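# Chain and residue survey
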Amino acid sequence: MVEIKVLGIGCPNCHKLEAMCHEVVNELGIEARIERVTDMNQFMDYGVLLTPTLVINNEVKVQGKLPLKPTLVNWIKQGDK
């Protein structure tokens, strides 16, 4: 199972990133747990200063911007191995 976390305080891009993750997981048919993390104290656990941040299997993939969908697809596929 792929562990996906979207770190952010609830800005529009944070919501978009979470929606993109759900969309990609559904399209790929991959079993994943998608969690939105809004506690800024937990952001520091990942060394994150910018949001939204995407964490897949405890690895920060991107922060401060939205990834392109093909990039997100690749990251989620890699996390499913």
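Worth saying up front: this structure is predicted, and the values here are computed from it rather than measured.

## Topic: the overall build of the protein
Scanning the protein for helices and strands turns up three helices and four strands. Secondary structure of the protein in N-to-C order comes out as β-α-β-α-β-β-α. The C-alpha atoms of the protein give 11 Å as radius of gyration, which agrees with the globular expectation for 81 residues (12 Å, within 12%). Along the first, second and third principal axes, the C-alpha atoms of the protein reach 30 × 20 × 15 Å. Within the protein, the proportion of its 81 residues that are buried is 36%. Taking contacts inside the protein between residues at least 6 apart in sequence as the whole, the part at least 24 apart equals 63%. Accessible surface for the protein amounts to roughly 4800 Å². Of this, 49% is attributable to carbon and sulfur atoms. Looking at the protein, you have 9 positive and 10 negative side-chain charges, and the mean spots of the two groups are 6 Å apart.

## Notes on the nonpolar core
In this structure, I4, C21, L54, I56, L72, W75 and I76 are the most contacted members of the largest nonpolar core, which totals 17 residues. Listing elements by their share of this core, those giving two or more residues are β1 (2–7), α1 (12–28), β3 (53–56) and α3 (69–79). Among the elements that make up this core, the one with the highest residue count is α1 (five residues). Other than its neighbours up to four places away in sequence, W75 contacts L54, I56, K61, V62 and P67. V37, F43, V48 and V55 belong to the second largest nonpolar core, which has five residues in total.

## Observations concerning the sheet that holds strand β2 (residues 32–37)
Reading across from one edge, β2-β1-β3-β4 is the order of the four strands in this open sheet, with mixed pairing throughout. Each edge of the open sheet is held by one strand with a lone partner, namely β2 and β4 (59–63). The average undirected angle you get between the axes of adjacent strands in this sheet is 20 degrees. As paired strands, β1 and β3 are joined by four bridges and run antiparallel to one another.

## Observations regarding the pairing of β3
Side chains T53 and V55 of β3 all project onto a buried face; the interleaved residues L54 and I56 project onto the opposite face, where all are buried too. Bridge analysis of β3 against β4 gives four bridges, and the strand direction is antiparallel. What sits directly across from L54, in β4, is V62. Counting the residues that bridge the hairpin from β3 to β4 gives two residues, and of these N57 lies at a positive phi of roughly 50 degrees.

Parameters at a glance
- Residues numbered from 1 in each chain as written.
- Predicted model: local features only at pLDDT ≥ 70, side-chain atom pairs only at ≥ 80, totals over all residues.
- Heavy atoms only, no water.
- Helix = DSSP H or I, 4+ residues; strand = E, 2+ residues; numbered from the N terminus.
- Rg over C-alpha atoms; globule rule 2.2 N^0.38 Å.
- Buried < 20%, exposed > 50% of the residue type's maximum accessible area, 1.4 Å probe, protein only.
- Contact = heavy atoms within 4.5 Å.
- Areas by Shrake-Rupley, 256 points an atom, 1.4 Å probe, with all protein chains shown as cover.
- Lys, Arg positive; Asp, Glu negative; His and termini not counted.
- Charge placed at Lys NZ, Arg CZ, Asp CG, Glu CD.
- Core = buried A, V, L, I, M, F, W, Y, C linked by side-chain atoms within 4.5 Å.
- Pairing = 2+ DSSP bridges.
- Axes fitted to C-alpha atoms, helices over the stretch in contact; angles between N-to-C directions.

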